[in-house]
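# Summary of structural features
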Amino acid sequence: MTTEPYEVYRDSWGIPHLRASDPIHLAYAQGRTTALDRAWQIEVERHRAQGSSAAFLGADCVPWDRFARQARLDDTARRCHEALDPDTAAWLRAYVDGVNSGLAEGAARDERFARAGHTPTPWEPWVPLSVWIATHILFAGFATKLWRERVARVLGDGAATLFATDGPGTAGSNGWLVPGDRTATGAAIIAGDPHRFIEDPGVYQQIRLSCPEYDVLGLAVPGVPGLAHFGHTGSAAWAITNAMADYQDLYAERLRPAGDGLEALGPDGTWEPVTRHTETIAVADAADVEVEVLETPRGPLVVHGDADGLVPDGADALALRYPPRVRRDLGFAALPALLRARTVADVDRALDGWAEPVNVVHAADSEGGLLHRVAGAVPLRDDANRLRPVPAWDARHAWQGWAATPAEPVQGFAVMANARGIASPLGVEFAPPHRADRIRELLGGSADWSPKAMADVHADTYLASAGPLLALLPAPDGLSPAAARLRERLLTWDRHMAADSTDAAAFAAFRSATVRRLAADPVFAGLAPAPAGPEVFHPWLYLLPRVGYALEGLLTTGLLPGLDRAAHVRAALEETAEAGAHDTPWSRLHLLVPWSALPDPDAEWPGLGGDHDCVNATSSVPGFTDRAARASAARYVWDLARREDSLWAVPLGADGVTGSPHHRDQLPLWARCELVPVVTDWARLTKESV
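I will try to describe carefully the structure that is included in this document. (Residues numbered from 1 in each chain as written. Predicted model: local features only at pLDDT ≥ 70, side-chain atom pairs only at ≥ 80, totals over all residues. Heavy atoms only, no water.)

## Considerations on the overall build of the protein chain
Under the convention used in this document: Elements are defined by DSSP. Helices are runs of H or I of four residues or more, strands are runs of E of two residues or more, and each kind is numbered from the N terminus. With C-alpha atoms as the basis for the radius of gyration, the globule rule is written as 2.2 Å multiplied by the number of residues raised to the power 0.38. Partly exposed describes any residue whose relative accessible area lies between the buried limit of under 20% and the exposed limit of over 50%, with all areas from a 1.4 Å probe on protein chains only and scaled to the type maximum. In this tally, Asp and Glu contribute negative charge and Lys and Arg positive charge; neither His nor the terminal groups of the chain are included. Positions of charges follow a simple convention, taking NZ of Lys, CZ of Arg, CG of Asp or CD of Glu.
Within the protein chain one finds 21 helices and 25 strands. In terms of overall size, the protein chain behaves like a compact globule, its C-alpha atoms giving a radius of gyration of 25 Å where 690 residues would be expected to give roughly 26 Å. In terms of overall dimensions, the protein chain has C-alpha extents of about 80 × 70 × 50 Å along its principal axes. Looking at the protein chain as a whole, 62% of its 690 residues are labelled buried. Where the 63 positive side-chain charges of the protein chain centre and where its 89 negative ones centre are 1 Å apart.

## As for the layout of surface pockets
Counted only if it meets this: Only protein atoms enter the 1 Å grid used here. Points where a 1.4 Å probe fits but cannot escape make up a cavity, open sets with protein on both sides within 12 Å along at least five of seven lines make up a pocket, and a residue lines them when an atom lies within 4 Å of a point. Grid points are joined across faces, edges and corners, and a volume is the space filled by probe spheres set on the points. Just so you know the grouping, Ala, Val, Leu, Ile, Met, Phe, Trp, Tyr, Cys and Pro go in nonpolar, Asp, Glu, Lys and Arg go in charged, and all remaining residues, Gly too, go in polar.
For the second largest pocket, the calculated volume is near 430 Å³. Ranked by residue count, the leading element in the lining of the second largest pocket is helix α18 (residues 551–554), at four residues. Per-class residue counts for the lining of the second largest pocket are 19 nonpolar, seven polar and five charged.

## Side note on helix α15 (residues 481–492)
Structurally, the α-helix is built with 3.6 residues per turn, so residues lying three or four positions apart point the same way. Going by this rule: The span one expects for a helix is its residue count, reduced by one, times 1.5 Å. Directions from the helix axis toward the C-beta atoms define the arc. The contact criterion used throughout is that any non-hydrogen atoms of two residues lie within 4.5 Å.
Look at α15: 17 Å from first C-alpha to last across 12 residues, which is about the 16 Å you get at 1.5 Å a residue. What α15 keeps buried is the set Ala483, Leu486, Arg487 and Leu490. One side of α15 carries all its buried residues, which in axial view fall inside an arc of 105°. Of the exposed residues in α15, the ones pointing more than 90 degrees away from its buried face are Pro481, Arg485 and Thr492. Looking at the buried side of α15, the elements it contacts are α14 (467–471), α16 (502–519) and α19 (565–579).

## Observations concerning helix α11 (residues 344–351)
The set of residues buried in α11 consists of Val344, Val347, Ala350 and Leu351. The arc that holds the buried residues of α11, viewed along the axis, is 125°, so those residues lie on one side. Against the buried residues of α11 lie β8 (236–242), α10 (334–339), β16 (359–365) and β17 (370–375).

## Side note on the sheet that holds strand β18 (residues 390–391)
Put simply, the test is: Two strands qualify as a pair provided DSSP detects at least 2 bridges between them.
What the four strands build is an open sheet, ordered β14-β15-β9-β18; its pairing is mixed. Taken across any chain shown, the strands that pair with only one partner, and hence form the sheet edges, are β14 (301–304) and β18. Where strand β9 (residues 249–253) lies against strand β15 (residues 317–321), five bridges are found, and the strand directions are antiparallel. By the bridge assignment for β15, Asp249 is matched with Arg321.

## Thoughts on the sheet that holds strand β11 (residues 261–265)
The criterion, for reference: As a rule, the C-alpha atoms of each element are fitted with a line to give its axis, helices using only the stretch in contact, and angles between N-to-C directions run from 0 to 180 degrees.
Taken together, four strands build an open sheet; the order of strands is β10-β11-β12-β13 and the sheet is antiparallel. Every other strand in the sheet has two partners, leaving β10 (255–258) and β13 (289–295) as the edge strands with one partner each. Taken pair by pair, the neighbouring strands of this sheet meet at an average axis angle of 35°, ignoring direction. Examined bridge by bridge, β11 and strand β12 (residues 271–281) share four bridges and lie antiparallel to one another.

## Some details on the pattern of salt bridges
Heads up, the rule is: Here, a salt bridge means any side-chain nitrogen of Lys or Arg that lies within 4 Å of a carboxyl oxygen of Asp or Glu.
A full pass over the atoms with the stated rule returns 51 salt bridges. The partner of Asp74 in a salt bridge is Arg78, and the shortest N-O contact between them spans 3.6 Å. Of this pair, Asp74 and Arg78 both sit in helix α4 (residues 73–82), separated by four residues, roughly a single helical turn. Residue classification places Asp74 among the buried positions, given a relative accessible area of 12%. Relative accessible area serves as the criterion here: at 38%, Arg78 is assigned to the partly exposed category. A salt bridge links Glu292 to Arg276, with the shortest nitrogen-to-oxygen separation between them at 2.5 Å. Remark: Arg276 occurs in strand β12 and Glu292 occurs in strand β13; sequence separation between them is 16 residues. One network of salt bridges, with partners in common, ties together Arg72, Asp75, Arg79, Glu295 and Arg325.

Now the structure itself:
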């Protein structure tokens, strides 16, 4: 297509505001601007989705590339693209045309292309769908079923969910909706923050999309058109959190040779053909890697029989069944429909067609409409499917249609924080209730909320999950003097993981010592060996992080009668006291460590307040590291009275190019949980030449 009229403006933070003559040219402008601002980022995501990132990033990327190919992520995206309606396909194509028109210029801005020896090639029309699938394939946590299989083998079937908790996955968020009767203006406010691994560049892109049909601002996923998760149209706004639904299954497959190929035992007792081919992963500065790609009628094989403890007895491999591959649909038709939304009813109708991932949604409009619902595709099947791999040859584990998505009326504050609630019928493991309970408590402290006041909610560092561990502190009798002093200090601590708190750092040290001692207990000896199977799943399979994230439950469960918690806590207290030096502020230890495909060796990252179960959810791995890799990937406050009073922030900045003025200019504010104003007045923006 030709570059017919569109305009690019920037605010003082470098955030792009795009204005075009129609939605197609606007989609083109979004694609081109994204390529100019974030060429390196979207190229990395494109090649990760296609399983070709090792070609320029090296051998460390081979495990992911192998998984992407074996799970058939890009092929699934092609199938979903082929099934798109013509209007959505044309809109998507315009975005891809825009990306292709800007890639070379964007690559020239970023020295990482030269450093990696990578030259971008044109995107195919389905690449945004491929990026979306790769970004969310692990959101539903099917890898947790591998861990449960391992736990059940060691500790018994009844212990399969012993380590249930919100970790170490990539998904989680806070969100809250304050109705107009509790705000200063009489109109609703929606606020929150998605929690993800922090990346450089950031995973969300602040952007505004304006044409005669609509004028919407929000947070885009670079490489994907529209504003899927967070947006404000002026009269309506929406936001999501991960519903923690279980909608991906692992099927244990029995395989046998059949001529030159393989067959898998199906649910009706017959042997079914397995599709099979070989692909080659090119690896920078190393030999190519051959990958065998196999697929049964249940889905592609992602774990083979050499994964000791992961594949159930009597099976040879595990097949992944996930809705986009089954339905050939991601729900992308909802994306342009959301941009056109004027009311809550419009948002609701658009999300009826949503598929992947499954989210809890808040929406509100300027007329007082409110929405709290789940959106996405969850299969109906046997309850056992949700827990562990299930036998493919047993017909009772087949999918039987799709679950209805729950909705609830908004009564008082509506809060979503990955805890049990509206999405409970759809999942197995949810986040502890601490973040949700704390948000409700804080919101209950005022009846005249304003957008600016929401920053205090975002910044809250109270750690309710500290309670069970502190309750096990021993009596002072018999403790060393140093341990007795530390005990008293911990008991009088205000339980805030504040950035400047030395007590918070002391608690973190004590918690880590407890985690390490629990993990070393003989009761867990069978889970201690290094995990087997594909390397991409190993973060779900290491014992120490599992104990760290599940500590609260492990301290209170009755399933481990042989675990002497009191002895471990006493020993951890003495160990921590003996180590001494408890005068370090928490933020000196709790440093941000973003992931980057090609790290900047000169980068300096700030220390943070907060912790995993705080509203300011900055996750370390207790027992392993105090550093924070996961936190708020963006913060937003949508005001339905005056959109121009809305606020937002991202961890780094609007520009993805290292060293550019707007690459990290929001970082100091974000680290303090401060937000920057949304700008809606075109006269306050600076126009760029196109």
